[in-house]
Amino acid sequence: MKIAPDTSDEKPADFMPAQAIDPLQSLCDALVSGADEDKSAARQLISAMERPWEQLPSRLKTAARVDASALLATSGGLAQLISAGYGARTAEQLMRDLGRRG
């Protein structure tokens, strides 16, 4: 009786290892280049974070500033940021960071 070699350790030719998903990068990407509904969800998520603004990762704050800048470029103000999905405290902090008044 001939036994076939065990090939269970061999990977198929089209095997691609799973890449780790960085949730922070996904959030930043949603703010900078995501669809409107993704941006709105990301804005709400940032506003719901319990950490003070100063303790948020710098790349997240940078992405939020880029997003807020784009919103404010259309002659908006604090109300524009809030209506776009940012919480009042986060919107006020973004305005300060961008050197604008509410």
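Being a predicted model, the structure only gives us computed values, none of them experimental. Just so you know, the residues in each chain are numbered from 1, in the order the chain's sequence is written. Totals for whole chains, interfaces and linings use every residue, but because this is a predicted model, local features are given only for residues with pLDDT of at least 70 and side-chain atom pairs only at 80 or more, for both listing and counting. To obtain the side-chain values, all non-hydrogen atoms of the structure were used and water was disregarded.

Draft legend 1. Structural context of the overall build of the chain. If you tally the helices and strands in the chain, you get five helices and zero strands. In what follows, residue pairs with any heavy atoms lying within 4.5 Å of each other are defined as contacts. Considering only residue pairs separated by 6 or more positions, the chain has 49% of its internal contacts joining residues 24 or more positions apart. Using a 1.4 Å probe, the Shrake-Rupley method yields the accessible areas, and only the shown protein chains count as cover for residues. Accessible surface, the chain: about 7,200 Å² in total, of which carbon and sulfur atoms supply 53%. The numbering of helices and of strands both runs from the N terminus, where a helix is a DSSP run of H or I of at least 4 residues and a strand a run of E of at least 2.

Draft legend 2. Quick peek at the environment of Pro57. As for its placement among the helices and strands, Pro57 is situated in the loop between α2 (36-48) and α3 (58-72). Each C-alpha atom of the pair Pro57 and Leu24 lies 8.7 Å from the other, and the pair is 33 residues apart in sequence. Contact partners of Pro57, with chain neighbours within four places excluded, come to Leu24 and Arg51.

Draft legend 3. Focus on the pattern of salt bridges. Salt bridges are counted wherever a side-chain nitrogen of Lys or Arg sits within 4 Å of a carboxyl oxygen of Asp or Glu. Under the counting rule described, the total for this entry stands at three salt bridges. Of the charged contacts in the structure, one is a salt bridge between Arg59 and Asp22, with a shortest N-O distance of 2.9 Å. Placement of the pair is Arg59 in helix α3 and Asp22 in the segment before α1 (23-33), with a sequence separation of 37 residues. The buried label goes to any residue with under 20% of its type's maximum accessible area, the exposed label to any with over 50%, and the partly exposed label to all in between, with areas taken from a 1.4 Å probe on protein chains only. A residue is classified by how much of its surface remains accessible, and Asp22, at 32% relative accessible area, is partly exposed. Of the charged contacts in the structure, one is a salt bridge between Asp97 and Arg65, with a shortest N-O distance of 3.0 Å. Of this pair, Asp97 sits in helix α5 (residues 88-97) while Arg65 sits in helix α3, and the two are 32 residues apart along the sequence. Judged by relative accessible area, Arg65 falls into the partly exposed class, the value being 26%.

Draft legend 4. Structural context of the environment of Leu24. Secondary-structure assignment places Leu24 in helix α1. Taking C-alpha positions, Leu24 is 7.2 Å from Leu60, a pair spaced 36 residues apart along the chain. Excluding anything up to four places from it in sequence, Leu24 contacts Pro57, Arg59 and Leu60.

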